[in-house]
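One letter stands for each residue in the lines below.
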Amino acid sequence: MQRSNAGTLTEAEVGQRVLLKAWLHRRRNLGGVMFLDLRDRSGLVQVVVHPENQPEAHAVLDPARPEWVIEVEGEVVRREAANVNPQMPTGAVEVAADRAEVLATSQTPPFVLDSYGEASEELRLRYRYLDLRRPELAHNFLLRDRVVTATRRFFAEHGFLDMETPVLTKSTPEGARDYLVPSREYPGQFYALPQSPQLFKQLLMVSGFERYYQIARCFRDEDLRADRQPEFTQVDVEMSFTDEEEIANLIEGLFAIIFPLAGIEIETPFPRLDYAEAMARYGSDRPDLRFGLEIVELTEILGESGFRGFSSAVAEGGVVRAFAVSGAANASRKMVDGWAEIARRAGAQGVLTLRRRDGELQFQVKTALSGDELTAAAEALELEDGGLALLAAGPREIVAKALGALRLELARHYSLIPEGRNAFVWVREFPFVEWDEAGNRWTALHHPFTSPDPRDLELLDSEPGRVRSRAYDVVMNGVELGGGSIRIHSADLQRQAFEILGIDEQEAESRFGFLLEALKYGAPPHGGIALGLDRIIMLMAGADSIRDVILFPKTASAACLMTEAPSPVDDAQLAELGLERKRKSEEK
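Residues numbered from 1 in each chain as written. Predicted model: local features only at pLDDT ≥ 70, side-chain atom pairs only at ≥ 80, totals over all residues. Heavy atoms only, no water.

**Description of the overall build of the chain**
Move 1: Looking only at helices and strands, one finds 17 helices and 22 strands in the chain.
Move 2: Counting only C-alpha atoms and orienting by the principal axes, one finds that the chain spans roughly 90 × 75 × 60 Å.
Move 3: A total of 588 residues make up the chain; the buried ones form 47% of that total.
Move 4: In the chain, the share of contacts with a sequence separation of at least 24, taken over all contacts with a separation of at least 6, comes to 68%.
Move 5: When the accessible surface of the chain is totalled, it reaches about 29,700 Å², and 48% of it is carbon and sulfur.
Move 6: Each charge class in the chain was averaged separately, 67 positive and 93 negative side chains, and the resulting centres sit 4 Å apart. (Helix = DSSP H or I, 4+ residues; strand = E, 2+ residues; numbered from the N terminus. Buried < 20%, exposed > 50% of the residue type's maximum accessible area, 1.4 Å probe, protein only. Contact = heavy atoms within 4.5 Å. Areas by Shrake-Rupley, 256 points an atom, 1.4 Å probe, with all protein chains shown as cover. Lys, Arg positive; Asp, Glu negative; His and termini not counted. Charge placed at Lys NZ, Arg CZ, Asp CG, Glu CD.)

**Concerning the nonpolar core**
Move 1: Counting 41 residues, the largest nonpolar core has Phe155, Phe255, Phe259, Ile529 and Leu531 as its most contacted members.
Move 2: At seven residues, helix H6 (residues 244-258) tops the list of elements feeding residues into this core.
Move 3: Not counting chain neighbours up to four residues away, the residues in contact with Phe155 comprise Phe160, Tyr213, Val235, Val237, Leu250 and Leu254.
Move 4: With 25 residues, the next largest nonpolar core counts Phe323, Ile342, Ala346 and Ala392 among its residues. (Core = buried A, V, L, I, M, F, W, Y, C linked by side-chain atoms within 4.5 Å.)

**Things to note about unusual backbone geometry**
Among all residues except glycine, the phi angle is most often negative; among peptide bonds, the trans geometry is most common.
Move 1: Of note, the bond from Thr268 into Pro269 is cis; its omega dihedral lies within 30 degrees of zero at 0 degrees.
Move 2: With respect to the helices, strands and loops of the structure, Pro269 is situated in the loop between H6 and strand E11 (272-274).
Move 3: Phi is positive for Glu67, which is not a glycine, with a value near 80 degrees.
Move 4: Secondary-structure assignment places Glu67 in the loop between helix H1 (55-61) and strand E4 (69-78).
Move 5: Classification of Glu67 as buried rests on a relative accessible area of 4%.
Move 6: With a phi angle near 55 degrees, Phe241 is a residue other than glycine that sits in the positive phi range.

**Side note on the packing of helix H10 (residues 333-345) against helix H12 (residues 396-413)**
Move 1: Where H10 meets H12, the axes come as close as 8 Å, and the angle between the chain directions of the two elements is 140 degrees. The element H10 and its partner H12 pack so that their crossing is right-handed. Side by side, H10 and H12 meet where Met335, Trp339, Ile342 and Ala343 of the first sit next to Ala402, Ala405, Leu406, Glu409, Leu410 and His413 of the second.
Move 2: For the contact of H10 with H12, a count of residues per class yields eight nonpolar, one polar and one charged. (Axes fitted to C-alpha atoms, helices over the stretch in contact; angles between N-to-C directions. Left-handed = near helix turned anticlockwise from the far one by under 90°. Nonpolar A, V, L, I, M, F, W, Y, C, P; charged D, E, K, R; others polar.)

**A look at the sheet that holds strand E20 (residues 471-476)**
Move 1: On the basis of which strands lie adjacent, the open sheet formed by eight strands has the order E6-E9-E10-E22-E21-E20-E17-E11 and mixed pairing. The sheet terminates laterally at strand E6 (161-162) and E11, the two strands that pair on one side only.
Move 2: Note: strand E17 (residues 424-428) against E20, five bridges, orientation antiparallel. By the bridge assignment for E20, Trp426 is matched with Val474.
Move 3: Strands strand E9 (211-219), strand E10 (231-240) and strand E22 (526-532) of the sheet are contacted by helix H5 (residues 198-206), whose axis makes an angle of about 20 degrees with E10. (Pairing = 2+ DSSP bridges.)

Honestly, it's all geometry; don't read function into it.
Structure, rendered in structure tokens:
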């Protein structure tokens, strides 16, 4: 008999004989009658075994305990109306077993698999192969498989070629640190694991393949967070003869197919925001548009007021900005102090409050602003009675960062994010470079291969900080899902970009000479994007951490608790690679 999937049995199969091979999820014994929930990757189904009607099956299954692997054969029957379980897809039926066999026994697991909260994450990662049996976690990977399959189908239908780029490659560090692999054949020299296939996919455009994609493994030796891992997967895309809008339309088409797989319907096209507008209105280059609290410009209204905190900031080239929250006028001093600390952590001096209570406007610093100034500010903010506004003054970037952080904090505190709402947006025209105070040089905001905006080329040498780039990010609910750009396809312009970034000609040749050489041989205009597959699945599945959508993830300290990696290797292996351990005296 062909095996059936436990989680797919319905009333349509009533009266049919089925064969199940699955894990025992839980068991109950009521007056000698056994009720067993069997679990395979498709889900759960209840099996009932009566000692009088099926004595042999009952005897076989009587010693069975959770996580034993068993085989059961029997008839699908309807449950009595009082016993129907609407919480289970198979809750209207059960299998009356008349034959059973134990395929494998199991020790008592180190944690209960049907109770998520009782085991620490460290314990679950140590026994990850058991953790993956939990239906809640297994669901994430069934979803991931459907998303990857749909993604491959989508790109194939749009004329893209699935192509693999090298994993052992040249170290060209830019941003995060590389993972290095020593070479046995070339002692003292190293490969690097790719942080992304960026350079190779550009070379594929030079090669004339025109449309490339890859479900690519990438590696970055960087500090970890809930949404980062040292090895991760991205959907990597590159196109020749394209522009920003074509790439945006392509990715929106992909999202319109994959997000409904998790019950998330989306509307296209997504809004488009320039970087400067996103920072001014939302204080973030990955704005969460599920709620309001837009930041309002008050520089003209309050910049010349008698309050020195505002006037001096504006005199030094800064801004005064604020946002209003309905119904928050009664916020306590303790709450406001906490919000001020958030602003200070973002670099601001703090925040000030403006309240409207019973029609009266109350500024935190009494008598600092005139009545006309208070009225004008309240009108600009559309501050309602019972509302509260938070104001900040200082350098443009710092004020944006501070109010952006506060905007998210107050949205969470006052439960302003509607349940089930999702909001996508494209952020475009990022700055070409940003100034690194510590390094005393310009650095690329995205990467050094991003094309500057043709409208700003005349500023490239004289005022690079004012140059916009042709970079873009796609954002969902305040989380960046992917980023890309139109690339530089001229060797001369690429050299100029390297020079602005402090990469001299010798270093450019050493690190990127192969790319510069390739760009001399008829490189087409091209651009692309890389989507964080793990992050996308995390949001689709509603998972709390990216570790919940990666099969065998690392901890926050980049360790695998299950395999105990990284681990030492013996001296013979090191000697083959031309390496030796440092003695303790040498380490000092």
